[in-house]
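# Structural overview for review
Here's the letter readout for the chains.
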Amino acid sequence: MSEYETILVDRPESAPRVGLITLHRPKALNALNRQLMLEVVEAATAFDRDPEIGAIVITGSERAFAAGADIKEMQPQGFPQVYVDDLFRDWDRLADLRTPLIAAVAGHALGGGCELAMLCDILLAADTASFGQPEIRLGVIPGIGGSQRLTRAVGKAKAMEMCLTGRTMKAEEAERSGLVSRIIPAAELLDEALKVAATIAGFSAPIVAMAKEAVNRSYESTLAEGIRFERRLFHSTFATADQKEGMGAFVEKRTPAFGHH
Ligand code: CO8
């Protein structure tokens, strides 16, 4: 796993069935260049395909989750190149993964950094975290879903202000606005994120994937459609051995041992 240059990849002993990806370009505050994008997507996809992994944590450093797409790499590029290359397209592949992704964010999560955190399924923030879409100051707009996911997360009023002025949000405001699920003291962030991931990874993998798919469907459909979709998936859970195990364990007053099938 040491072939990566811009990320560290680990399977922490303390967190069974959890894959950890640490963004690691310390001199550039983890700016997201092309290599880092491809490495994160490759590592996350490998974890996703691994039946021994049930949740993935993505984190950065104390100072920065990521200070955005790499401005120095983008600066000389022209329209034909970014259009033909479909710059940032590969990030979309993270949204297709079955395995839940947890962003553990400390320090700056700006531009593409904020967008990467929002691509994850659960966003945990250290008390040092700050979030923003400052692209407007650079003469561009968000390009990895920021204008869409931020608006869905915090509503039009705040998203519009942040995208038009570049104002950043500290952790407390981000939690109050629904962007992050919880604030955790910075020193405990990674341990807590690994704990959350291990909890998820201990449940039945197919049922976790269904729960994730059902919640995500709410973004893409009407309430009635979403509820119909949820009901069909709920019925499908009864086709799994893990439903028998989970309910059987409750009735027999024991801890379930999910076989992930
Ligand atoms: N890209 C490249 N390098 C960066 C970036 C970045 N986004 N952010 C920081 N760095 C580098 C700095 O250049 C500096 O390098 P050096 O030591 O060689 O000068 C090093 O990281 C440390 O940074 P600072 O000295 O600036 O650290 P400070 O603590 O003083 O400031 C900040 C931290 C406030 C985070 C500051 O670095 C900053 O404002 N960074 C840029 C934030 C930003 O604007 N991010 C948005 C980028 S654009 C984007 O993400 C999406 C673009 C979508 C475009 C779509 C096109 C199709």
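Sequence order sets the numbering: in each chain, residues are counted from 1 along the sequence as written. In keeping with the predicted nature of the model, local features appear solely for residues at pLDDT of at least 70, side-chain atom pairs appear and are counted solely at 80 or more, and the whole-chain, interface and lining totals rest on all residues. Processing note: side-chain calculations cover all non-hydrogen atoms of the structure and skip hydrogens and water entirely.

## Looking at the site of the ligand
Convention followed: Only heavy atoms are used to decide nearness, and a residue is near a molecule or strand if one of them lies within 4 Å of it. Under this definition, polar contacts are N or O atom pairs within 3.5 Å; protein pairs additionally need one hydrogen-donor-capable and one acceptor-capable atom, and for neighbouring residues in sequence, both atoms have to be side-chain atoms. The protein chains shown are the only cover counted for residues, whose accessible areas, like all others here, come from Shrake-Rupley with a 1.4 Å probe.
As a structural note, the neighbourhood of the ligand is formed by 24 residues, with Arg63, Ala67, Ala69, Ile71 and Gly112 the closest of them. A distance of 2.9 Å separates an oxygen atom of the ligand from a polar side-chain atom of Arg63. Gly112 places a main-chain nitrogen or oxygen 2.7 Å from an oxygen atom of the ligand. The protein chains hide 63% of the 1100 Å² of surface that the ligand would expose on its own.

## Quick notes on helix 5 (residues 112–119)
Because the α-helix completes a turn every 3.6 residues, residues three or four places apart line up on one side. The test is simple: Type-normalised accessible area, obtained with a 1.4 Å probe on protein chains alone, sets the label of each residue: buried when under 20%, exposed when over 50%, and partly exposed for intermediate values. Only runs of H or I of at least four residues qualify as helices and only runs of E of at least two qualify as strands under DSSP, and these elements are numbered from the N terminus.
Most of helix 5 sits inside the fold, with eight of its eight residues counted as buried. Buried within helix 5 we find Gly112, Gly113, Cys114, Glu115, Leu116, Ala117, Met118 and Leu119.

## Re the nonpolar core
Inclusion rule: Joining through side-chain atoms within 4.5 Å is the link that ties buried Ala, Val, Leu, Ile, Met, Phe, Trp, Tyr and Cys residues into a set, and such a set is a nonpolar core.
Core analysis: the biggest nonpolar cluster contains 47 residues, and Leu23, Phe65, Trp91, Leu94, Phe131 and Leu179 have the highest contact counts within it. It is helix 1 (residues 34–49) that provides the largest number of residues to this core, a total of seven residues. By size, the runner-up hydrophobic cluster in this structure holds 19 residues, among which are Ile184, Leu189, Ala201 and Val208.

## What to know about the pairing of strand 2 (residues 18–23)
Heads up, the rule is: Following DSSP output, two strands are said to pair if at least two bridges run between them.
Counting buried positions over the six residues of strand 2 gives six, a clear majority of the element. Here strand 2 shows a buried face lined by Val18, Leu20 and Thr22 and a second buried face lined by Gly19, Ile21 and Leu23. Relative to strand 2, strand 1 (residues 7–10) runs antiparallel, the two sharing four bridges. Across the sheet, residue Val9 finds its bridge partner in strand 2, namely Ile21.

## Comments concerning the sheet that holds strand 9 (residues 169–170)
On the basis of which strands lie adjacent, the open sheet formed by four strands has the order 4-6-8-9 and mixed pairing. Each edge of the open sheet is held by one strand with a lone partner, namely strand 4 (64–66) and strand 9. Across two bridges, the pairing between strand 4 and strand 6 (residues 108–110) is parallel. If you follow Ala66 over to strand 6, its bridge partner there is Ala109.

## Re the layout of surface pockets
Let me state the cut-off plainly: Cavity: a set of points on a 1 Å grid over the protein atoms alone where a 1.4 Å probe fits but cannot get out. Pocket: an open set with protein on both sides within 12 Å along at least five of seven lines, its lining residues, like those of a cavity, having an atom within 4 Å of a point. Grid points are joined across faces, edges and corners, and a volume is the space filled by probe spheres set on the points.
There is about 1100 Å³ of room inside the largest pocket. What lines the largest pocket is a set of 35 residues, and nearest its centre among them are Leu119, Cys120, Asp121, Asn216 and Tyr219. Taken together, the elements giving at least two residues each to the lining of the largest pocket come down to helix 4 (92–95), helix 5, strand 7 (122–126), helix 6 (146–154), helix 9 (189–202) and helix 10 (205–220). Of all the elements, helix 10 adds the most residues to the lining of the largest pocket, at 10 residues.

## Description of the sheet that holds strand 5 (residues 101–105)
Applied cut-off: All axes here are fitted lines through C-alpha atoms, helices being fitted over the stretch that makes contact, and every angle between N-to-C directions spans 0 to 180 degrees. Contacts are assigned to residue pairs that have any heavy atoms within 4.5 Å of one another.
The six strands lie next to each other as 1-2-3-5-7-10, forming an open sheet whose pairing is mixed. A strand with exactly one partner marks an edge of an open sheet, and here the two such strands are strand 1 and strand 10 (182–184). Each strand of the sheet is rotated relative to its neighbour by a mean of 20°, with strand direction disregarded. Where strand 7 lies against strand 10, three bridges are found, and the strand directions are parallel. In the sheet register, Ala125 faces strand 10, and the bridge partner there is Ile183. Contacts from helix 5 reach strand 2, strand 5 and strand 7, with the element oriented near 140° to strand 5. Set on the sheet, helix 9 makes contact with strand 2, strand 3 (55–59), strand 5, strand 7 and strand 10; between it and strand 3 the angle comes to about 160°.

## Considering the domain arrangement of the protein
Here is the rule: These domain boundaries are the output of an automatic or database domain assignment. For any pair of parts, buried area is found by adding up, for both, the accessible area (1.4 Å probe) each one loses once the two are put together.
When the domains of the protein are assigned, the result is domain 1 (7–202) and domain 2 (205–252). Here the C-alpha centre of domain 2 lies 27 Å away from the C-alpha centre of domain 1. Of the residues lining the interface, eight residues belong to domain 1; the matching set on domain 2 comes to seven residues. In total, domain 1 and domain 2 occlude about 620 Å² of area from one another, counting both sides; carbon and sulfur atoms represent 51% of this. When the area that domain 1 buries against domain 2 is broken down by residue, the three leading residues are Arg98, Asp121 and Arg152, summing to 62%.

## With respect to a negative patch on the surface
Convention followed: Patch membership is restricted to residues that have no salt bridge and whose relative accessible area is over 30%. Joining uses 9 Å for like charges and 5 Å for the nonpolar side chains Val, Leu, Ile, Met, Phe, Trp and Tyr. We define a salt bridge as a contact between a side-chain nitrogen of Lys or Arg and a carboxyl oxygen of Asp or Glu at a distance within 4 Å. When charges are counted, Lys and Arg are positive and Asp and Glu negative, with His and the chain ends excluded. Each charge is placed at NZ for Lys, CZ for Arg, CG for Asp and CD for Glu.
A cluster of acidic residues, Asp85, Asp86, Asp92 and Asp96, forms a negative patch at the surface. Tracing the backbone shows Asp85 in the loop between helix 3 (79–84) and helix 4. Asp85 sits in the partly exposed class, given a relative accessible area of 42%.

## Re the side chain of Ser130
Position of Ser130 among the secondary structure elements: in strand 8 (residues 130–132). Not counting chain neighbours up to four residues away, the residues in contact with Ser130 comprise Gly107, His108, Ala109, Met169 and Lys170.

## Quick look at the environment of Gly113
Along the chain, Gly113 turns up in helix 5. A C-alpha to C-alpha distance of 17 Å links Gly113 and Glu175, two positions 62 residues apart in sequence. Here Gly113 is in contact with Leu32, Phe65, Ala66 and Gly68, once residues within four sequence places are set aside.

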